[in-house]
Amino acid sequence: MRKKPNPGPRLWKHDRKLASEGLLCGIDEVGRGPLAGNVVVACVVLDLSARPISGLNDSKQLTPEFREALFPLICERALAWSIGEATPEEIDTINILQATFLAMRRALESLRIRPALLLVDGNQNIPEVDLPQKTLVGGDGLSASIAAASVLAKVIRDNAMRAWDVRLPAYGFARHKGYATAEHRKVLLQNGLSSIHRRSFCSLFAQ
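What comes next is a walk through the structure.

Scoring rules and cut-offs
Residues numbered from 1 in each chain as written. Predicted model: local features only at pLDDT ≥ 70, side-chain atom pairs only at ≥ 80, totals over all residues. Heavy atoms only, no water. Axes fitted to C-alpha atoms, helices over the stretch in contact; angles between N-to-C directions. Helix = DSSP H or I, 4+ residues; strand = E, 2+ residues; numbered from the N terminus. Parallel < 35°, antiparallel > 145°, perpendicular 65-115°, else oblique. Left-handed = near helix turned anticlockwise from the far one by under 90°. Contact = heavy atoms within 4.5 Å. Nonpolar A, V, L, I, M, F, W, Y, C, P; charged D, E, K, R; others polar. Buried < 20%, exposed > 50% of the residue type's maximum accessible area, 1.4 Å probe, protein only.

1. Focus on the packing of helix H2 (residues 64-77) against helix H5 (residues 144-167)
Between two packed helices, the angle of one axis relative to the other and the distance separating the axes together describe the packing.
Thinking step 1. Two numbers describe how H2 lies on H5: the axes approach to 9 Å, and their chain directions differ by 120°. Compared by their axis directions, H2 and H5 come out oblique. Two packed elements cross with a definite hand, and for H2 against H5 that hand is left-handed. Along the contact surface, H2 presents Arg-67, Glu-68, Leu-70, Phe-71, Ile-74 and Cys-75, while H5 presents Ala-148, Val-151, Leu-152, Lys-154, Val-155, Ile-156, Asp-158, Asn-159 and Arg-162.
Thinking step 2. Looking at the contact of H2 with H5, its residues break down into nine nonpolar, one polar and five charged.

In structure tokens, the structure reads:
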């Protein structure tokens, strides 16, 4: 069987071309679409002078086991990283887009170094941020910094949903992570909304 190519060096090469502008910070979110749970954002400043992290890629292209293995490696080798979140209540109050921007600003505020350029996954700049920004559609598959952020955000959010599964076992959060699967929709029709459901996303199931 042919070995799958390692995307890490390609993503690293992309970011090294931009590194003349100074330290890069990759920013990505996880959890815009689910019916429940926080939206989670990660910021990562990689040491681009170091060797690439083998296998680093868009978190959606990686197995859960490989994401978990990459998590401590990214944290150890990054120059800095941080997490920001917005709650279901905040999402319901200001909408998911603004809540995502809020989580991004929170992550940046807790980053211990000031980067020269933000690489933001998607096509929208983060408002109310006084740093240069470059948006990249599909950035988690193009940029090592964004890919690293996508892995951290995904692992942290998935672990949080597994913790909620222990507290609210009737909803199956460990399996669907809050997304609108058939199982999740069926449980909502049976049990109604939990304390971590986004009311604005769940109008068909609201009680």
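So, next bit.
2. Regarding unusual backbone geometry
Thinking step 1. Even without being glycine, Glu-128 reaches a positive phi, approximately 65°.
Thinking step 2. Positionally, Glu-128 belongs in the loop between strand E4 (117-121) and strand E5 (133-136).
Thinking step 3. By relative accessible area, Glu-128 is classed as exposed at 72%.
Thinking step 4. Of note, the phi angle at Lys-177 is positive, near 55°, even though the residue is not glycine.
Thinking step 5. Within the element layout of this structure, Lys-177 appears in the loop between helix H6 (173-176) and helix H7 (182-191).
Thinking step 6. By relative accessible area, which is 13% here, Lys-177 ends up buried.

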